[in-house]
Amino acid sequence: MIKAKDIMSRKVFSVTEDMSVKELAQFFAEKDISGAPVLSEKGMLLGIVTQSELIDQKKKVHIPTVITILDS
């Protein structure tokens, strides 16, 4: 049976809670990742953000731009 440790990334990139959705999309594309832990200024884990959450209807994001960024 495959376990989480077999497929996880060992190099973890984190983001801050004040990053814009556009910055997150660019960061994910640059690092070739699909999600990241969100840390406070003190380094406390606040949550996790993923690519699928970037394309949320409640956020005012130009979807074609996000798709272009994520596809790059």
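Residues numbered from 1 in each chain as written. Predicted model: local features only at pLDDT ≥ 70, side-chain atom pairs only at ≥ 80, totals over all residues. Heavy atoms only, no water.

## A look at the pairing of strand β2 (residues 35–39)
Line of reasoning, step 1. Strand direction decides the pairing type here: strand β1 (residues 15–16) and β2, joined by two bridges, are parallel. Within β2, the residue paired with Val15 across the bridge is Val38.
Line of reasoning, step 2. Where β2 lies against strand β3 (residues 45–50), five bridges are found, and the strand directions are antiparallel. Bridged to Gly35 within β3 is Thr50.
Line of reasoning, step 3. Between β2 and β3, which follow one another and run antiparallel, lie five residues, and Gly43 among them has a positive phi close to 85°. (Pairing = 2+ DSSP bridges. Helix = DSSP H or I, 4+ residues; strand = E, 2+ residues; numbered from the N terminus.)

## So, a negative patch on the surface
Line of reasoning, step 1. Taken together, the side chains of Glu17, Asp18, Glu23 and Glu41 define an acidic patch exposed on the protein surface.
Line of reasoning, step 2. Here Glu17 shows up in the loop between β1 and α2 (21–31). (Patch = residues over 30% accessible without salt bridge, like charges linked within 9 Å, V, L, I, M, F, W, Y side chains within 5 Å. Areas by Shrake-Rupley, 256 points an atom, 1.4 Å probe, with all protein chains shown as cover. Salt bridge = Lys/Arg side-chain N within 4 Å of Asp/Glu carboxyl O. Lys, Arg positive; Asp, Glu negative; His and termini not counted. Charge placed at Lys NZ, Arg CZ, Asp CG, Glu CD.)

## Quick look at the layout of surface pockets
Any empty space left between the atoms is revealed when a probe the size of a water molecule rolls over them.
Line of reasoning, step 1. The calculated volume of the largest pocket comes to roughly 200 Å³.
Line of reasoning, step 2. Along the walls of the largest pocket sit Ser9, Lys11, Val12, Phe13, Ile33, Ser34, Gly35, Ala36, Pro37 and Ile48, which together make up its complete lining.
Line of reasoning, step 3. Here the element with the most residues in the lining of the largest pocket is β2; it accounts for three residues.
Line of reasoning, step 4. For the lining of the largest pocket, the class distribution of residues is six nonpolar, three polar and one charged. (1 Å grid on protein atoms, 1.4 Å probe; cavity = no way out; pocket = protein on both sides within 12 Å on 5 of 7 lines; lining within 4 Å. Points joined across faces, edges and corners; volume = space filled by probe spheres on them. Nonpolar A, V, L, I, M, F, W, Y, C, P; charged D, E, K, R; others polar.)

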